[in-house]
Protein chains: 2
Amino acid sequence: MPDSIHAIPEVVILRLPLYVRVLTQLKDEGTEVISSRELGDRLSVTPAQIRKDLSYFGRFGKQGRGYNVSYLVGELRQVLGLDRQWNTAVIGIGRLGRAIINYPGFAPEGFKVVAAFDADPAQVGRQFEDVAIQSIGEMQQTIRERNIAIAIVAVPAPQAQRVISELVSCGVKAILNYAPIAPQVPEDVRVRNIDPVLALQTMTYHLKVRQDEAGS
Amino acid sequence: MPDSIHAIPEVVILRLPLYVRVLTQLKDEGTEVISSRELGDRLSVTPAQIRKDLSYFGRFGKQGRGYNVSYLVGELRQVLGLDRQWNTAVIGIGRLGRAIINYPGFAPEGFKVVAAFDADPAQVGRQFEDVAIQSIGEMQQTIRERNIAIAIVAVPAPQAQRVISELVSCGVKAILNYAPIAPQVPEDVRVRNIDPVLALQTMTYHLKVRQDEAGS
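Residues numbered from 1 in each chain as written. Chains lettered and ligands numbered in written order. Predicted model: local features only at pLDDT ≥ 70, side-chain atom pairs only at ≥ 80, totals over all residues. Heavy atoms only, no water.

Take the environment of Ala-154 of chain A next. Residue and element names in this part refer to chain A. Locating Ala-154 in the fold gives a position in the loop between β8 (148-153) and α7 (157-169). Exposure remark for Ala-154: the relative accessible area of 10% places this residue in the buried category. Each C-alpha atom of the pair Ala-154 and Gly-58 lies 39 Å from the other, and the pair is 96 residues apart in sequence. Among residues more than four places away in sequence, those in contact with Ala-154 are Ile-91, Gly-92, Leu-96, Gly-97, Ile-100 and Tyr-178. (Helix = DSSP H or I, 4+ residues; strand = E, 2+ residues; numbered from the N terminus. Buried < 20%, exposed > 50% of the residue type's maximum accessible area, 1.4 Å probe, protein only. Contact = heavy atoms within 4.5 Å.)

Have a look at this one:
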């Protein structure tokens, strides 16, 4: 690994998980070697972009020979820290929070829900799946004790900013936010928003234009 | 509305739902007028960007007076086609598909799940919530009859591209994809991917760097 590893642009970091996804798929299909052109086609990215992105992490490909898929996916997983388990906590154990705890996609990828918190005293002490629901007041201690690096926020919108600020004060540096708000956090904390309504609303404009044209 | 409305850059369209979200919040809080500076602060966008984005849709603000929140949110909702109901279908009625049908955030925003499809014959004919589960073979007819504009895909990854291609051939132009793949669609079809694992994987790099530094 080159020393310059800390200087990797954020846009590259954001693309790498998709590289890992596609390379894993190729590996599962039995592909052993892939050119930057073929990989670019799969990802809708130019071959030059692929070569530049990967150059931040060392020399993976041999000129004119393509990349060894299995080796490359292993290296990228290591770069991204996907070679270890990450403990997570879900905050807000309503319908959405339960669906998140139930979500079958997290565990196989190394994301384990080890704690659950809710503000409702009637919920606290109950067990959901393998996880005991704790009060918000227990957050700080549990996050430290269970080495929780990532918080998943599923509380209603009006409570979300307050909960996120509390998580920040507990030292959490990575938050997956399902509440429909745009949270404010310090610069060293990362938030990713999962917001299906917002995603739908970015598509309706085009549907509307089409509908209006058809109707006129 | 100016004639140039078809020339709105896609990046602006992508930002507008967030404007609507924040303006709605301001309206609910009782704010009547807001400057581009204050709105920019809320959205982490420059005031110049706000003014430029909104200029595509007409003259909303008076020089030095700020924007009328209630009027602006109404106009933007109309621009985005959020002033009507959009019928949607969910494909794949497993654990994830059921959570999506159950998701309380869609209906209040005008997105109504009116149909559900699954490949499993044991599921077909069953009722889930208000929706009867139909076979994939019935998709084309139901999409036409029920005026379904948006498809929500919740099938396992290996089936997702085939299902998405079928939806495209049924004339669907907007797809919300929950399967962990990067789907290929024609240019006139829009896909938004909801992918919490990918979102988590964009944050672990920074956590890993921090962990490695603390450990060394």
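That shown, we press on.
We now examine the interface of chain A and chain B. Contact with chain A, which involves 63 residues of that partner, is made by 62 residues of chain B. Taken together, both faces of the contact between chain A and chain B bury some 6,000 Å²; the carbon and sulfur share is 65%. For the chain A face of the interface with chain B, the top three residues by lost area are Arg-21, Gln-201 and Tyr-205 of chain A, together amounting to 12%. On the surface where chain A and chain B come into contact, there are four salt bridges. Among the salt bridges present, the one from Arg-84 of chain B reaches Asp-212 of chain A, with a minimum N-O distance of 3.5 Å. Where chain A touches chain B, the interface holds 23 residue pairs in polar contact (both at pLDDT 80 or more). (Buried area = accessible area lost by both parts, 1.4 Å probe. Salt bridge = Lys/Arg side-chain N within 4 Å of Asp/Glu carboxyl O. Polar contact = N/O pair within 3.5 Å; in protein donor to acceptor, adjacent residues only side chain to side chain.)

Another aspect to go through is the pattern of salt bridges. As enumerated under the stated definition, the model contains 20 salt bridges over all chains in all. Arg-21 of chain A is the salt-bridge partner of Asp-195 of chain B, the closest N and O atoms lying 2.4 Å from each other. Of this pair, Asp-195 of chain B sits in the loop between β10 (190-193) and α8 (196-201) while Arg-21 of chain A is found in helix α1 (residues 10-28), placing the two residues in two different chains. Judged by relative accessible area, which is 10%, Asp-195 of chain B ranks as buried. The shortest N-O distance in the salt bridge between Arg-162 of chain A and Glu-166 of chain A comes to 3.7 Å. Placement of the pair is Arg-162 of chain A and Glu-166 of chain A together in helix α7, with a separation of four residues, close to one helical turn. Taking the relative accessible area as the measure of exposure, Glu-166 of chain A reaches 28% and is therefore partly exposed.

Turning to the relation of the copies chain A and chain B, a few remarks are in order. Relative to chain B, chain A is turned by 180° and slid 0.0 Å along the rotation axis, the superposed coordinates differing by an RMSD of 0.1 Å. Both copies are brought into coincidence by an operation consistent with a two-fold rotation axis. For chain A, the smallest separation between a C-alpha atom and the rotation axis is recorded for Ala-99 of chain A, amounting to 3.1 Å. A shared interface surface links the copies, since 98% of the contact residues of chain A are contact residues in chain B too. (Least-squares fit on C-alpha atoms with pLDDT ≥ 70 in both.)

Turning next to the packing of aromatic side chains. Residues and elements named next belong to chain A. Under the criterion given, the structure shown has two aromatic pairs over all chains. On the numbers, 4.8 Å between centres and 70° between planes, the contact of Tyr-103 with Phe-106 is edge-to-face. Per residue, the accessibility class of Tyr-103 equals that of Phe-106, and both read buried. The ring of Phe-128 carries Arg-98 above its face, with NZ or CZ at 4.7 Å from the centroid. (Phe/Tyr/Trp six-rings, centres within 6.5 Å; stacked < 30°, edge-to-face > 60°. Lys NZ or Arg CZ within 6 Å of the ring centre and 35° of its normal.)

Now for the domain arrangement of chain A. Along its sequence, chain A is organised into domain 1 (3-79) and domain 2 (86-200). Here the C-alpha centre of domain 2 of chain A lies 31 Å away from the C-alpha centre of domain 1 of chain A. (Domains from an automatic or database assignment.)

All names here are of chain A. Tracing the sequence through the fold places Asn-87 in strand β4 (residues 86-91). Separated by 2.9 Å, the side chains of Asn-87 and Gln-85 make a polar contact. A polar contact is formed between the side chain of Asn-87 and the backbone oxygen of Arg-146, at a distance of 2.9 Å. With residues up to four places along the chain from it excluded, the contact list for Asn-87 reads Lys-112, Val-114, Arg-146, Asn-147, Ile-148, Ala-149 and Ile-150.

Turning our attention to the pairing of strand β7 (residues 131-135) of chain A. Residues and elements named next belong to chain A. Pairing analysis gives three bridges linking strand β5 (residues 111-118) to β7, with the strands arranged parallel. What sits directly across from Phe-117, in β7, is Gln-134. Summarising the sheet, strand β6 (residues 127-128) and β7 pair through two bridges and their orientation is antiparallel. Of the residues in β7, the one forming a bridge with Gln-127 is Ala-132. In this structure, the hairpin formed by β6 and β7 is closed by a connection of two residues, where Glu-129 is found at a positive phi of approximately 50°. (Pairing = 2+ DSSP bridges.)

Another point: unusual backbone geometry. Residues and elements named next belong to chain B. Backbone geometry at Glu-129 places phi at a positive 55°, although glycine is not the residue there. You can see Glu-129 is positioned in the loop between β6 (127-128) and β7 (131-135). Classification of Glu-129 by relative accessible area gives partly exposed; the value is 49%. Its identity as a non-glycine residue notwithstanding, Asn-147 has a phi of 55°, on the positive side. Mapped onto the fold, Asn-147 is located in the loop between α6 (139-145) and β8 (148-153). Given the relative accessible area of 56%, Asn-147 is considered exposed.

What follows deals with the sheet that holds β4 of chain A. With respect to topology, seven strands assemble into an open sheet ordered β6-β7-β5-β4-β8-β9-β10 (chain A), the strand pairing being mixed. The sheet is open, and its two edges are formed by β6 and β10 (190-193) of chain A, each paired on a single side. Against the sheet, helix α9 (residues 204-215) of chain B engages β4, β5, β8, β9 (174-177) and β10 of chain A, with an angle of about 125° to β4 of chain A. (Axes fitted to C-alpha atoms, helices over the stretch in contact; angles between N-to-C directions.)

With that settled, consider α9 of chain B. Taking 1.5 Å per residue, twelve residues should reach 16 Å; α9 of chain B reaches 16 Å between its end C-alpha atoms and fits that length. Listed as buried for α9 of chain B are Thr-204, Tyr-205, His-206, Leu-207, Lys-208 and Val-209 of chain B. (Expected span 1.5 Å × (residues − 1).)

The subject of this paragraph is the layout of surface pockets. Taken as a whole, the largest pocket encloses approximately 1,400 Å³ of empty space. Of all the elements in the fold, those that place two or more residues in the lining of the largest pocket are α1, α2 (36-43), β10 and α8 (196-201) of chain A together with α1 (10-28), β10 and α8 of chain B. Of the residues contributing to the lining of the largest pocket, the split by class is 20 nonpolar, six polar and nine charged. As a volume, the second largest pocket reaches approximately 1,000 Å³. If you trace the second largest pocket, you find 45 residues lining it, with Pro-156, Ala-157, Pro-158, Pro-180 and Ile-181 of chain B closest to the centre. Put simply, the parts of the chain that give the lining of the second largest pocket at least two residues each are α1 of chain A together with α5 (95-102), β5 (111-118), α7 (157-169) and α8 of chain B. Among the residues forming the lining of the second largest pocket, the class breakdown is 24 nonpolar, nine polar and twelve charged. (1 Å grid on protein atoms, 1.4 Å probe; cavity = no way out; pocket = protein on both sides within 12 Å on 5 of 7 lines; lining within 4 Å. Points joined across faces, edges and corners; volume = space filled by probe spheres on them. Nonpolar A, V, L, I, M, F, W, Y, C, P; charged D, E, K, R; others polar.)

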